[in-house]
Amino acid sequence: MNIAVIGTGYVGLVTGVCLSHAGNSVTCVDIDKDKITGLQNGRPPIYEEGLGELLQTNLQRKRLHFTTDYQKGITGKDVILLAVGTPQNDDGSADLSALFSACRAIAPHLHEHTIIVTKSTVPIGTNEQIKHYIEQAACGMSVSIIAAPEFLRQGSAVHDTFHGDRIVIGGEDSEAMQTVEELYRPFNIPIIKTDLRSAEMIKYASNAFLAAKISFINEIANLCEHADANVEDVAQGIGMDRRIGNHFLSPGAGYGGSCFPKDLSAIMSYGRKLGCPLSILESVQNVNERQTNILVEKVQKRLGNLTGKTIAILGLAFKPGTDDMRNAPSIPLIKKLMMSGADVNAFDPAATEHAKNILPREVNYANTIDEALANADGAVIITDWQEIKDYPLESFKNHLADPVIFDGRNCFSLDRMSESGIAYYSIGRPTIH
Ligand code: UGA
């Protein structure tokens, strides 16, 4: 098939590259000239395992193209995928300005019955608006609209695209739905077909449910600490019930990233607008915000007044395997520690450059874990990078002035820690003094 993808962010780029790899001719369109030039030369702007190789292979096969020219990108294409960002407005709702500006840009170049597939996460009812908007902008020409939300994770985006759990195809035009089904058939992933609004809702409900699972286990972890139970055993015990499942039950410093916080706010804002407030999700958000406070309180309880004390922060990105700092739990945590008078030495294997634009100017950035720990009064782990999990406990002891670790991701086993001579505070597990 002849396809155009609008937007070369995580979703657009990975989808475009993978669809070309599946044998389609794909043109990706973006307004960012530097990004497009890099991509034309086989340089992806993000790191995703396998993406660089697939990009280069399909550029060589001449079935993957990049352009900033809408006319060139859109003309003659049967299917247009919309994959532009829908960030958060100040009131929590989704900002659809980039999406509608993309619709304006593509409208003059469409032909009758072009299929528009929305991959972006959009509030319920948006696809109907998109259809109406494009048809007006294209002087009454008829287009088909399909909602096919994306479920890939940063860090495993290529794998998730080829091996997802399901493909959702929402629409009202059965012929167009059939065409999109054929497009995805080579991926051999189960397909669910729904109406437009249900497909839009599936995306928000999925992310809301996953975030709820994390806040649930975080709340149980906090209770475990008060009850002298071990949340790891509890998570394993409940996860063995197949109705619950054992994924997304790792307690920690809270969820972050560009998706869960934004999508929860958007669906909650939508619910309020309809007079249908989502009280479970209010609690999910509150529990998530509280998680960083709980870590700070542990530090304060152990170290007392933090004025003049130095804390080593290990990990800044919202999760390992990415340099993304958006809504990372490290941000509120570091700010709270600094407001309490602490000096901060921060280390992250990938996110330091992004962190410099976000964190307070007074943060000291270390190039190595050794350097971050040197003479610090304690270490706080916020991102479970393999490099941090592999760091020798002996070195923690040698570098820290007071060997104490506050582990926001449960990186180390209690057995190992109890023999280490390091005081160890983790999430939902007994403390080792
Ligand atoms: C998430 C979803 O997992 C994807 O399915 C979805 O497509 C994507 O949002 C999106 O809407 O675009 P992502 O934000 O890349 O993907 O990251 P996750 O791997 O889901 O992690 C999100 C956050 O939850 C991280 O901060 C992670 O540390 C935290 N988390 C995850 C936990 O605290 N505990 C867990 O058990 C799992």
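Residues numbered from 1 in each chain as written. Predicted model: local features only at pLDDT ≥ 70, side-chain atom pairs only at ≥ 80, totals over all residues.

### Section: the overall build of the chain
And step 1. Helix and strand counts for the chain come out as 18 helices and 14 strands.
And step 2. Relative to the compact-globule value of 22 Å for 433 residues, the chain shows a C-alpha radius of gyration of 24 Å, a close match.
And step 3. The principal-axis extents of the C-alpha atoms in the chain amount to approximately 70 × 45 × 40 Å.
And step 4. Burial status across the chain gives 45% buried among its 433 residues.
And step 5. In the chain, the proportion of contacts linking residues at least 24 apart, taken out of those at least 6 apart, comes to 70%. (Helix = DSSP H or I, 4+ residues; strand = E, 2+ residues; numbered from the N terminus. Rg over C-alpha atoms; globule rule 2.2 N^0.38 Å. Buried ≥ 20, exposed ≤ 12 C-beta atoms within 10 Å, placed from the backbone. Contact = placed C-beta atoms within 7 Å.)

### Focus: the environment of Ala-351
And step 1. Note that Ala-351 resides in the loop between β10 (343–347) and α14 (352–356).
And step 2. Measuring from C-alpha to C-alpha, the distance between Ala-351 and Ala-317 comes to 5.6 Å, with 34 residues separating the pair along the chain.
And step 3. Residues contacting Ala-351, with those up to four places away along its chain left out, are Leu-316, Ala-317, Asp-323 and Met-325.

### Brief notes about the UniProt feature "active site" (unreviewed entry) in the chain
And step 1. The positions that UniProt labels "active site" (unreviewed entry) are, in the present scheme, Cys-259.
And step 2. Looking at the element boundaries, Cys-259 is found in the loop between α10 (231–239) and α11 (260–273).
And step 3. Residue Cys-259 is classed as buried on the basis of its 21 C-beta neighbours within 10 Å. (UniProt positions renumbered as here; feature names shortened; annotations may be inferred.)

### Regarding the site of the ligand
And step 1. Not every one of the 21 residues close to the ligand is listed here, only the nearest: Gln-154, Ser-250, Tyr-255, Gly-257 and Cys-259.
And step 2. Broken down by secondary-structure element, the contributors of at least two residues to the shell around the ligand are α9 (196–227) and α11.
And step 3. Looking at the shell around the ligand element by element, the count peaks at three residues for α9.
And step 4. Across the shell around the ligand, the residue classes tally to 10 nonpolar, seven polar and four charged. (Near = placed C-beta within 6 Å. Nonpolar A, V, L, I, M, F, W, Y, C, P; charged D, E, K, R; others polar.)

### A closer look at the domain arrangement of the chain
And step 1. As assigned here, the chain comprises domain 1 (2–194) and domain 2 (290–425).
And step 2. One C-alpha centre belongs to domain 1, the other to domain 2; they are set 39 Å apart. (Domains from an automatic or database assignment.)

### Some remarks on the UniProt feature "binding site: substrate" (unreviewed entry) in the chain
And step 1. In this numbering, the UniProt entry assigns the feature "binding site: substrate" (unreviewed entry) to Lys-203, Phe-248, Leu-249, Ser-250, Pro-251, Gly-252, Gly-256 and Lys-319. In sequence the annotated residues extend across 117 residues, and in space they extend as well, their farthest C-alpha pair lying 23.9 Å apart.
And step 2. For Phe-248, a count of 16 C-beta atoms within 10 Å translates into the label partly exposed.
And step 3. Setting aside residues up to four positions removed in sequence, Phe-248 forms contacts with Leu-210, Lys-213 and Ile-214.
And step 4. The residues contacting Leu-249, other than those within four sequence positions of it, are Lys-213, Ile-217, Ala-235 and Gly-239.

### Considering the environment of Glu-175
And step 1. Here Glu-175 is to be found in helix α8 (residues 174–184).
And step 2. Given 10 C-beta atoms within a 10 Å radius, Glu-175 is considered exposed.

### Describing the sheet that holds strand β7 (residues 167–171)
And step 1. With respect to topology, eight strands assemble into an open sheet ordered β3-β2-β1-β4-β5-β6-β7-β8, the strand pairing being mixed. Of all strands in the sheet, those bounded by a partner on one side alone are β3 (64–67) and β8 (191–194). Each strand of the sheet is rotated relative to its neighbour by a mean of 25°, with strand direction disregarded. (Pairing = 2+ DSSP bridges. Axes fitted to C-alpha atoms, helices over the stretch in contact; angles between N-to-C directions.)

### Here we look at the packing of helix α5 (residues 97–106) against helix α6 (residues 126–137)
And step 1. Running from N to C, α5 and α6 cross one another at 35°; their axes reach a closest spacing of 9 Å. Here α5 and α6 pass one another in a crossing that is right-handed. On α6, the residues that touch Phe-100, Cys-103 and Arg-104 of α5 are Ile-130, Tyr-133, Ile-134 and Ala-137.
And step 2. The class makeup of the residues in the contact of α5 with α6 is six nonpolar, no polar and one charged. (Left-handed = near helix turned anticlockwise from the far one by under 90°.)

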